[in-house]
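Residues per chain, in single letters:
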Amino acid sequence: MIRTGPREVTIYCADAIPLIHGPMSRCRKGPWYSGSAHIGGASTQTTRDKEEHKRRRKAWDHAFNAKALREYEPRLNRHAIALMSQLKEQAKQPSVRITNWVNFYSFDVMGDVGFSRSFGMVEKGEEDPMIKLLHESMSPLSIFGHINWGLNLATRTAAGAKALLDHIDWTSKVLKERTKVGIAELETSSFTDKLQITPKENDIFSWLLDPNAAEVSPELNADSRLLVVAGRYIPLRTHLITV
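Residues numbered from 1 in each chain as written. Predicted model: local features only at pLDDT ≥ 70, side-chain atom pairs only at ≥ 80, totals over all residues. Heavy atoms only, no water.

### Description of the packing of helix α4 (residues 66-90) against helix α5 (residues 98-115)
Consideration 1: The contact between α4 and α5 brings their axes to 10 Å, and the two run at 155 degrees. In terms of orientation, α4 lies roughly antiparallel with respect to α5. The chirality of how α4 crosses α5 is right-handed. Across from Y72, R75, L76, H79, A80, L83, Q86, L87 and Q90 in α4, the residues of α5 making contact are I98, W101, Y105, D108, V109, D112 and V113.
Consideration 2: Per-class residue counts for the contact of α4 with α5 are ten nonpolar, three polar and three charged. (Axes fitted to C-alpha atoms, helices over the stretch in contact; angles between N-to-C directions. Helix = DSSP H or I, 4+ residues; strand = E, 2+ residues; numbered from the N terminus. Parallel < 35°, antiparallel > 145°, perpendicular 65-115°, else oblique. Left-handed = near helix turned anticlockwise from the far one by under 90°. Contact = heavy atoms within 4.5 Å. Nonpolar A, V, L, I, M, F, W, Y, C, P; charged D, E, K, R; others polar.)

Structure follows, in structure tokens:
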């Protein structure tokens, strides 16, 4: 047991895992998870309210049942073929930074499977500006991750919150394209893509988003970022095992 703060201790004990993280645990997530909730809302993963998590988790369960996963397979296959094509070309070079290409692939997959917006990084061979912005928006977490009050303070400043706010604005526009109300707003703006997007193939947000919703909630917006950041490790791990 190590004291890591005035009101915080870190415990290394395997027997404590089921007591803390098990289904019957009476513990709840610590204040770190709500460090930036005042800006972009709490995602299903970061919400500290167990009842809210249970309610929101039901929609995610539908998005990841066996039938839904089969519907996502054609998208993964198309991106896998594109990756293999690029790697064949890259094999002509003296060396290839494979980690870059696998990251391009995994982000493209999660953007496409998540909300029908591939970032096109495999095709372009470079990181998309929105993914760069996503990394920048998470930098305060790496610096103040173990200082809750510092994280809260940093994200309340213009410099500390700018990247996160810019990324929230982008994901909000992407989600609003899927709603009728959002299209009405876009008609009065300078945003060029004014057609409501109805994917030909179901994606994850087909299960999470109500197309007739009056607005896109901050919590749903936070879920879109959760999907890209956390979800990208799923296709990465799956295809590495396959290879």
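From this point, things continue past the structure.
### Here's the deal with helix α10 (residues 158-176)
Consideration 1: Taking 1.5 Å of rise per residue, 19 residues should cover 27 Å, and α10 covers 25 Å from first to last C-alpha, within 8% of that figure.
Consideration 2: For α10, the full list of buried residues reads A161, A163, L164, H167, I168, W170, T171, S172, V174 and L175. (Expected span 1.5 Å × (residues − 1). Buried < 20%, exposed > 50% of the residue type's maximum accessible area, 1.4 Å probe, protein only.)

### A word on unusual backbone geometry
Consideration 1: The backbone of S116 shows a phi angle near 55 degrees, a positive value even though the residue is not glycine.
Consideration 2: Summarising the element assignment, S116 is placed in the loop between α5 and α6 (121-124).

### As for helix α3 (residues 50-63)
Consideration 1: Along its 14 residues, α3 runs 20 Å from first to last C-alpha, staying within 8% of the 20 Å computed at 1.5 Å per residue.
Consideration 2: Along its length, α3 shows its largest kink, about 25 degrees, at R57.
Consideration 3: Along α3, the residues that are buried comprise R56, W60 and A63.
Consideration 4: Measuring from the backbone nitrogen of E51 back to the side-chain oxygen at the start of α3 gives 2.9 Å, which picks out D49 as the cap. (Bend = angle between axes of the 7 residues up to and from the residue. Polar contact = N/O pair within 3.5 Å; in protein donor to acceptor, adjacent residues only side chain to side chain.)

### A word on the nonpolar core
Consideration 1: Formed by 31 residues in total, the largest nonpolar core has its most connected members in F107, F115, F119, I204, F205, L227 and V228.
Consideration 2: Of all the elements, α5 adds the most residues to this core, at eight residues.
Consideration 3: Beyond its immediate sequence surroundings of up to four residues, V228 is in contact with F107, M110, F115, F119, I131 and L134. (Core = buried A, V, L, I, M, F, W, Y, C linked by side-chain atoms within 4.5 Å.)

### Quick look at the pattern of salt bridges
Consideration 1: Enumeration according to the criterion identifies twelve salt bridges in this entry.
Consideration 2: In this structure, the salt-bridge partner of E71 is K67, at a minimum N-O distance of 2.9 Å. Here E71 and its partner K67 are both found in helix α4, four residues apart, which amounts to about one turn of the helix.
Consideration 3: The partner of K162 in a salt bridge is D166, and the shortest N-O contact between them spans 2.8 Å. Placement of the pair is K162 and D166 together in helix α10, with a separation of four residues, close to one helical turn.
Consideration 4: Residue classification places D166 among the partly exposed positions, given a relative accessible area of 33%.
Consideration 5: One continuous salt-bridge network, built from bridges that share partners, spans R75, R78, D112 and E201. (Salt bridge = Lys/Arg side-chain N within 4 Å of Asp/Glu carboxyl O.)

### Points about the packing of aromatic side chains
Each aromatic ring pair is characterised by the separation of its centres together with the angle its planes make.
Consideration 1: In the structure shown here, the tally under the stated rule is five aromatic pairs.
Consideration 2: Relative to F205, the ring of F115 has its centre 6.1 Å away and its plane inclined at 70 degrees; by these criteria the two rings are edge-to-face. Residue F115 is found in helix α5, and its partner F205 is found in helix α12 (residues 205-208); the two are separated by 90 residues along the sequence.
Consideration 3: The exposure class assigned to F115 is buried, which follows from its relative accessible area of 4%. (Phe/Tyr/Trp six-rings, centres within 6.5 Å; stacked < 30°, edge-to-face > 60°.)

### So, the confidence of the model for the protein chain
Consideration 1: Summary statistics for the protein chain give a mean pLDDT of 81 and a share of 86% for residues scoring 70 or more.
Consideration 2: Ranking the elements of the protein chain by mean pLDDT puts helix α14 (residues 233-242) last, at 48, and α6 first, at 94.
Consideration 3: Within the model, the stretch residues 181-186 combines pLDDT values under 50 with 13 contacts to residues more than four positions away or in other chains.
Consideration 4: For residues 188-195, every residue scores under 50 in pLDDT, and the model assigns this stretch twelve contacts once sequence neighbours within four places are set aside. (pLDDT = per-residue confidence, 0-100.)

### Notes on a nonpolar patch on the surface
Consideration 1: A contiguous nonpolar patch, built from M1, V9 and I11 and spanning about 330 Å² of accessible area, is present on the exposed surface.
Consideration 2: By the element assignment, M1 lies in the segment before β1 (2-5). (Patch = residues over 30% accessible without salt bridge, like charges linked within 9 Å, V, L, I, M, F, W, Y side chains within 5 Å. Areas by Shrake-Rupley, 256 points an atom, 1.4 Å probe, with all protein chains shown as cover.)

### Comments concerning the packing of helix α7 (residues 129-137) against α10
Consideration 1: Two elements in contact, α7 and α10, have axes separated by 8 Å at closest approach and are oriented at 135 degrees. By the criterion of interaxial angle, the relationship of α7 to α10 is oblique. Handedness of the α7/α10 crossing: left-handed. Where α7 approaches α10, its residues M130, L133, L134, E136 and S137 are matched on the opposing element by A163, L164, D166, H167 and W170.
Consideration 2: Residue classes in the contact of α7 with α10 are distributed as six nonpolar, two polar and two charged.

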